[in-house]
There are 2 protein chains.
Amino acid sequence: MKTITSEILSTGNEVLWGDVDDTNASWLARRMRESGIVVQRVSCVGDDVRDISSIMKEISKRTNSEKVDIVLVTGGLGPTSDDLSSEAAAIASEDNIVLNQDALVSMEAYFKKKGWEVSEGNIKQAMLPSRAGFMENSCGTAPGFHVKCGNTFFFFMPGVPKEMKAMYELSVLPVIKEKFKLDNSFSMIRMKLFGLPESRVGSRLKEFNAKFPDLTLGFRASFPIIEVKISTMSCNKNQSNKNFNNKNKDNNNLNTKNKDNKNLNCKNASSMNHNSGIQDIQNNTLMEDARKWVTSQLEGYIISQDGLNMEQEVGRLLTQKRKTVAVAESCTGGLIANMLTDVAGSSEYFLMSAVTYSNAAKTDILGVNPDTIEQNGAVHKKTAQEMASGARRVAGADYGLSTSGIAGPGGGTEDKPVGTVCIGIAGEGFEKGYQYQFSFSDRHMNKKIFAVKALDLLKRTLESPHL
Amino acid sequence: MKTITSEILSTGNEVLWGDVDDTNASWLARRMRESGIVVQRVSCVGDDVRDISSIMKEISKRTNSEKVDIVLVTGGLGPTSDDLSSEAAAIASEDNIVLNQDALVSMEAYFKKKGWEVSEGNIKQAMLPSRAGFMENSCGTAPGFHVKCGNTFFFFMPGVPKEMKAMYELSVLPVIKEKFKLDNSFSMIRMKLFGLPESRVGSRLKEFNAKFPDLTLGFRASFPIIEVKISTMSCNKNQSNKNFNNKNKDNNNLNTKNKDNKNLNCKNASSMNHNSGIQDIQNNTLMEDARKWVTSQLEGYIISQDGLNMEQEVGRLLTQKRKTVAVAESCTGGLIANMLTDVAGSSEYFLMSAVTYSNAAKTDILGVNPDTIEQNGAVHKKTAQEMASGARRVAGADYGLSTSGIAGPGGGTEDKPVGTVCIGIAGEGFEKGYQYQFSFSDRHMNKKIFAVKALDLLKRTLESPHL
């Protein structure tokens, strides 16, 4: 099967000028690659009809190895005078703007459902190039559309991420699948790791390509977590033909709530099933072999085989074992509690966090022995241990977890420099203290790695066969 | 003075494929605009020497209104085989790669300082186009450089944000200033707002352009905070000549710690003074008039006139008034504590947060009357009031602040749907409770807006002339 190539075009002054980060482009690039489509270039231009139409023409005129089949355009579909995508598309495709009846009907239905009045500005949104194909917006007012310009298909979607994502899944991808005879099959394994720097993850997996030439390995780092992605399709321009016929059952979204899907909460979009495919036993076996090999290379550092974050995995384990936890935080300042409570349903297992910045709060609320602090200081394994036991006792929880350390920029000493953290963990019949040293000078990075390290210790405790 | 035009080019598969968001491009776009330089386009290509050199040629060949003076390129300067920027730059500028002695000496000095060995891969990093100008990397190993291609200057910087930002300030901007006779003057007022949606901020300020035609108004939204930016320079392509000669003292970084500068903590870079300029009293008066007018239009919603975030402004007020605070959080789950402790030095005024998810924790730790919860429920003004007083009493703080609400997705009722929050605030001789209803269905958005709303109430209390 031939390589399908794409580009992504973001429009809008707010993106061009850096007033918002272009997360739409990165999301679309990942989704394209997951369908085995090569992404050649990402561009951004401002709200200028000439700039938009001229880059459209440029892209549609690329030839040979640079030829572009599909362009995903975001932004410029709103009701105001700086929303110019439809006009630019008409210019680039040498077409006229007309009132698109399908777009108008769909928009009127959306407004009726919301109990709003259709304004003149909204009517403008239904003015599309005469040869455009209309695409419904299930989460907003701006209609989407697609036009052909030369041999390139341009898909115009709203700039609002929630609306864009829903339209991509419900309208764009189905059209692409049909027009380009896209294979439905795509399979990806997402493992989350903690505790190894990205360079060492890379070197431990450097033989992957030799061992599994038909699979693709990818990484996505979100400090301090690294995601390792194994997939059945290559999206490297030079390799993309190779794996295109792989068929595989998708297990990507199984049990996962990842950040990418967070905003995709429109009714219709959430029920889509964009990855259903024919199961290919041979490929499944290959993927499982790759999973086993990667797991063996990264043993001891894998948080989740299903793409779960640390706080989601800890929550899953606590729920599974019907255990509860209470936290006592000093240097992490509420971050552990905030992470745990980011998970919906966490009230089932998270009872309390005492964010005790002052020593008085540590002794008064958690019952830490003032002598312990006096003799060892607040940043000490023994203090952390007593904080963990105190949190457990006060909240009546199964486990207590605590942190006391120096996030910086101030507060470091020669003995205990910025980056030092003591972590305590307590449970039925045990109380342990640990001390670690991280080398970051940034307060936010330190808070983050201290919190994830503490949750990692809790996770290891929960996984222990003795419990 | 003529308009100076620029483009931004990000290189790297990890950016092209969406595995990292391109925050470098948005940062550079903002910095360009702050120097009055027009940003025409942002592009991204992968680690492919042909793709990089061909887009360089494309850009350098743009003519007339699309002509590009400056291109800022990031990525591809590392020691590995997929770091191809130097090679691509040589191809595009029809040059050869040679060992650049300045780059080698600088790199060896950096390695010596760190106590590392220079490897063969590192030597490769010093191989630059023969006509390239070397730019020092004060925070890392990869040397930067600039080349001229046609009439366009290309500046090559590392992809690591900290290294890129330091190199931009220390090397790129000074070269641009010299080559393009850039005026040093730029002035920006950054106001942070809370409580008005962006559309209503826009409509309240819609007469700005008519009233202050020589100034530029901009927005940057970071939910739920909106930043309003007034600056002395226009960076709109069609307006950029107009204000180019404005001279003004910069007050941009005064007292602010904004997110953009967070990672720029290299020794040399932090001492730069990129905005010193000649004071123009006339323009200062104009900016102050604009500030007054904008302030009057947005009265009651401005958090800070100096770009401070809510938690920084609350911290500033607490420090100024020598007051302390303790927090009791239910639905915000530690987020308020986490925000407050993100500010360095917060241990001076933040004593404690009790993240009491369970009712038992509310009564046991905070001393909330069990009858209050039984009669009114946990999400109630009266419960919130008692939580705030309890936190204040337990920690011995001047103020107590509390939240109890329903962040969702579950837990809503007809009476108290998802998005309901009760906030309590207590101080010497008073205890108040409030109830608000927000319309978001997203758990993270609700936690965020609940937390900012609570801090906003504390801020208003601290600002009250009666205290």
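Within each chain, residue numbers correspond to sequence positions counted from 1 in written order. Ligands are numbered from 1 and chains lettered from A, in the order in which they are written. With the structure being a predicted model, the display of local features is reserved for residues of pLDDT at least 70 and the display and counting of side-chain atom pairs for 80 or more, all residues being used for whole-chain, interface and lining totals. The basis for every side-chain value is the complete set of heavy atoms in the structure, and neither hydrogens nor water enter the calculation.

**Some words on the overall build of chain A**
Put simply, the test is: Secondary structure follows DSSP: runs of H or I at least 4 residues long count as helices, runs of E at least 2 residues long count as strands, and numbering of each begins at the N terminus. Buried residues are those whose accessible area, probed at 1.4 Å on protein chains only, stays under 20% of the maximum for their type, while exposed residues exceed 50% and partly exposed ones sit between those limits. Contacts are assigned to residue pairs with any non-hydrogen atoms lying within 4.5 Å of each other. Method for areas: the Shrake-Rupley scheme with a 1.4 Å probe, in which residue coverage is limited to the protein chains shown.
Within chain A, the secondary structure is distributed over 17 helices and 17 strands. The buried share of chain A, reckoned over its 467 residues, is 60%. Once local pairs closer than 6 in sequence are excluded, the contacts in chain A between residues at least 24 apart make up 71%. About 18900 Å² of surface is accessible on chain A, with carbon and sulfur atoms providing 48% of the total.

**Overview of the sheet that holds strand β3 (residues 70-74) of chain B**
Operational definition: Here, a strand pair is defined by DSSP locating no fewer than two bridges between the strands. As a rule, the C-alpha atoms of each element are fitted with a line to give its axis, helices using only the stretch in contact, and angles between N-to-C directions run from 0 to 180 degrees.
On the basis of which strands lie adjacent, the open sheet formed by 12 strands has the order β6(A)-β7(A)-β8(A)-β3(A)-β1(A)-β2(A)-β2(B)-β1(B)-β3(B)-β8(B)-β7(B)-β6(B) and mixed pairing. The strands lining the two open edges of the sheet, one partner per strand, are β6 (133-135) of chain A together with β6 (133-135) of chain B. Across the sheet, the mean angle separating the axes of adjacent strands is 20° when strand polarity is ignored. Pairing of strand β1 (residues 5-11) of chain A with strand β3 (residues 70-74) of chain A involves five bridges; the strand directions are parallel. In the sheet register, E7 of chain A faces β3 of chain A, and the bridge partner there is V71 of chain A. Of the strands in this sheet, β2 (38-45) of chain A together with β1 (5-11), β2 (38-45), β3, β7 (144-149) and β8 (152-157) of chain B are in contact with helix α3 (residues 49-60) of chain B, which crosses β8 of chain B at around 145°.

**Some details on the interface of chain A and chain B**
Heads up, the rule is: Buried area, as used here, totals the accessible surface that two parts lose on assembly, with accessibility defined by a 1.4 Å probe and the loss added over both. By definition, a salt bridge exists where a carboxyl oxygen of Asp or Glu is found within 4 Å of a side-chain nitrogen of Lys or Arg. Polar contacts, as counted here, are pairs of nitrogen or oxygen atoms within 3.5 Å of one another; within protein the pair requires one atom able to donate a hydrogen and one able to accept it, and residues that are adjacent in sequence qualify only if both atoms are side-chain atoms. By the convention adopted, Pro, Cys, Tyr, Trp, Phe, Met, Ile, Leu, Val and Ala count as nonpolar, Lys, Arg, Asp and Glu as charged, and the other residues, Gly among them, as polar.
With 66 residues of chain A at the contact, the number on the chain B side is 66 residues. Buried surface at the junction of chain A and chain B, both sides included, amounts to about 5400 Å², of which 44% is carbon and sulfur. One can count eight salt bridges joining chain A with chain B. Inspection of the chain A/chain B interface yields 38 residue pairs in polar contact (both at pLDDT 80 or more). Breaking the side of chain A that touches chain B down by element, the ones donating at least two residues are α2 (23-34), β2, α3 (49-60), β10 (216-222), α13 (335-341), β14 (350-356), α14 (359-366) and α17 (443-463) of chain A. Tallied by class, residues from the side of chain A that touches chain B come to 25 nonpolar, 22 polar and 19 charged. Examined bridge by bridge, β14 of chain A and strand β14 (residues 350-356) of chain B share five bridges and lie antiparallel to one another. Within β14 of chain B, the position partnered with A354 of chain A by the bridge is A354 of chain B.

**Considering the sheet that holds strand β11 (residues 225-231) of chain B**
Two strands in a sheet stick together by hydrogen bonds in their backbones, pointing the same way (parallel) or opposite ways (antiparallel). Residue and element names in this part refer to chain B. Spatially, the four strands line up as an open sheet ordered β10-β11-β9-β12, and their pairing is antiparallel. With partners counted over all chains shown, the strands left at the sheet margins are β10 (216-222) and β12 (302-304), one partner each. In this sheet, neighbouring strand axes are inclined to one another by 30° on average, regardless of whether the strands run parallel or antiparallel. As paired elements, β10 and β11 share seven bridges and run antiparallel to each other. Considered in β11, the bridge of T216 is made with S231.

**Here's the deal with the relation of the copies chain A and chain B**
Here the second copy of the chain follows from the first by a rotation about an axis and a shift along it. To be explicit about the condition: Here the copies were fitted onto each other by least squares, based on C-alpha atoms from residues at pLDDT of at least 70 in both.
Of the transformation superimposing chain A on chain B, the axial component is 0.0 Å and the angular component is 180°, with the fit at an RMSD of 0.0 Å. Those values place the two copies in the arrangement expected of a two-fold rotation axis. Here 100% of the contact residues of chain A are again contact residues in chain B; the copies associate through an equivalent surface.

**Some details on the packing of α3 of chain B against helix α4 (residues 85-92) of chain B**
Residue and element names in this part refer to chain B. Rule in force here: For classification, angles of less than 35 degrees are called roughly parallel, those exceeding 145 degrees roughly antiparallel, those between 65 and 115 degrees roughly perpendicular, and all remaining angles oblique. Two helices crossing with the near one rotated counterclockwise from the far one by less than a right angle form a left-handed crossing, whereas a clockwise rotation gives a right-handed crossing.
Close contact between α3 and α4 brings their axes to 8 Å; oriented N to C, the two are set at 45°. With respect to α4, the axis of α3 lies oblique. Seen along the crossing, α3 lies across α4 with a hand that is right-handed. Counting all contacts with α3, which are made through V49, I52, S53, M56 and K57, the residues of α4 involved are E87, A88, A89, I91 and A92. Taken together, the residues of the contact of α3 with α4 break down into seven nonpolar, one polar and two charged.

**Comments concerning α3 of chain B**
Residue and element names in this part refer to chain B. Note the cut-off: By this rule, a helix spans an expected 1.5 Å times one less than how many residues it contains.
Over its 12 residues, α3 runs 17 Å from end to end, which matches the ideal 16 Å to within 8%, given 1.5 Å per residue. For α3, the complete set of buried residues consists of D51, I52, S53, S54, I55, M56, I59 and S60. Where α3 begins, the capping side chain belongs to D48, and its oxygen is found 2.9 Å from the backbone nitrogen of R50.

**Concerning helix α12 (residues 310-320) of chain B**
Residues and elements named next belong to chain B. In terms of residue burial, α12 counts as a mostly covered element, since eight of its 11 residues are buried. Residues of α12 that are buried include every one of M310, E311, Q312, E313, V314, G315, L317 and L318, and no others. Next to the buried residues of α12 lie β9 (188-194), β12, β13 (325-329), α13 (335-341), β15 (399-405) and α17 (443-463). Positioned one or two residues after α12, R322 has a phi angle of 50°, which is positive.

**Remarks on the packing of aromatic side chains**
Rules: Two rings from Phe, Tyr or Trp (for Trp, the six-membered ring) form a pair when their centres are within 6.5 Å of each other. A pair whose planes differ by under 30 degrees is stacked, one over 60 is edge-to-face, and the rest are tilted. Put simply, a charge is over a ring when the Lys NZ or the Arg CZ is close to the ring centre, within 6 Å, and near the line of the ring normal, within 35 degrees.
Enumeration over the complete set of coordinates arrives at 24 aromatic pairs over all chains. Both rings, one in F153 of chain A and one in F180 of chain A, keep their centres 5.9 Å apart while their planes meet at 80°; by these two values the pair is edge-to-face. Here F180 of chain A lies in the loop between α7 (161-179) and β9 (188-194) and F153 of chain A lies in strand β8 (residues 152-157), a separation of 27 residues in the sequence. Comparing F153 of chain A with F180 of chain A shows no difference in burial state: the two are buried. Ring geometry for Y357 of chain A and F350 of chain B: centres 5.3 Å apart, planes at 70°, overall edge-to-face. Separated into two different chains, Y357 of chain A in the loop between β14 and α14 and F350 of chain B in strand β14 make up a pair that spans both. This pair shows no difference in class: Y357 of chain A is buried, exactly as F350 of chain B is. Chaining the aromatic ring pairs together yields one cluster made of Y110, F111 and W116 of chain A. Above the face of the F430 of chain A ring, K432 of chain A is positioned so that its terminal group lies 5.3 Å from the ring centre. Taking NZ or CZ as reference, K453 of chain A lies 4.5 Å from the ring centre of Y436 of chain A, over its face.

**Concerning a nonpolar patch on the surface**
Going by this rule: To count toward a patch, a residue needs a relative accessible area above 30% and no salt bridge. Like charges then connect within 9 Å, nonpolar side chains (Val, Leu, Ile, Met, Phe, Trp, Tyr) within 5 Å.
On the surface, L99, V118 and I123 of chain A cluster together to form a nonpolar patch covering roughly 180 Å² of accessible area. Here V118 of chain A lies in the loop between α5 (101-114) and α6 (120-125).

**A word on the nonpolar core**
So the rule is basically this: Think of a nonpolar core as a cluster: buried Ala, Val, Leu, Ile, Met, Phe, Trp, Tyr and Cys residues, connected wherever their side-chain atoms sit within 4.5 Å.
In terms of nonpolar packing, the biggest core is built from 73 residues, with F350 of chain A together with F350 of chain B touching the most fellow members. Residues in contact with F350 of chain B, not counting those within four places in the same chain, are V355 and Y357 of chain A together with V325, V327, A337, L340 and T341 of chain B.

**Quick word on unusual backbone geometry**
Residue and element names in this part refer to chain A. Here the bond from F223 into P224 is cis, since omega is -5°, no more than 30 degrees from zero. As for its placement among the helices and strands, P224 is situated in the loop between β10 and β11 (225-231). Here G408 and P409 are connected by a cis peptide whose omega angle stands at 0°. Along the chain, P409 turns up in the loop between β15 (399-405) and β16 (420-427). Of note in this structure, E94 is not a glycine but carries a positive phi near 50°. Following the sequence through the fold, E94 ends up in the loop between α4 (85-92) and β4 (97-99). For R322, which is not glycine, the phi dihedral falls at a positive 50°. Mapped onto the elements, R322 comes out in the loop between α12 (310-320) and β13 (325-329). Assessed through its relative accessible area of 76%, R322 is described here as exposed.

**Some words on the pattern of salt bridges**
The full count for this structure, using the stated rule, is 34 salt bridges over all chains. As a salt-bridge pair, K447 of chain B and D342 of chain A come within 2.8 Å of each other at their nearest N and O atoms. Highlighted residues: K447 of chain B in helix α17 and D342 of chain A in the loop between α13 and β14, drawn from two different chains. Among the residues examined, K447 of chain B registers a relative accessible area of 1% and is labelled buried. Residue D342 of chain A is classed as partly exposed on the basis of its relative accessible area of 23%. Note that K459 of chain A is salt-bridged to E463 of chain A, the shortest N-O span being 3.3 Å. Residue K459 of chain A and its partner E463 of chain A are both found in helix α17; the two are separated by four residues, about one turn of the helix. Using a relative accessible area of 3% as the deciding quantity, one classes K459 of chain A as buried. Looking at E463 of chain A, the relative accessible area reads 39%, which means it is partly exposed.

Taken by themselves, the reported measurements are silent on function.
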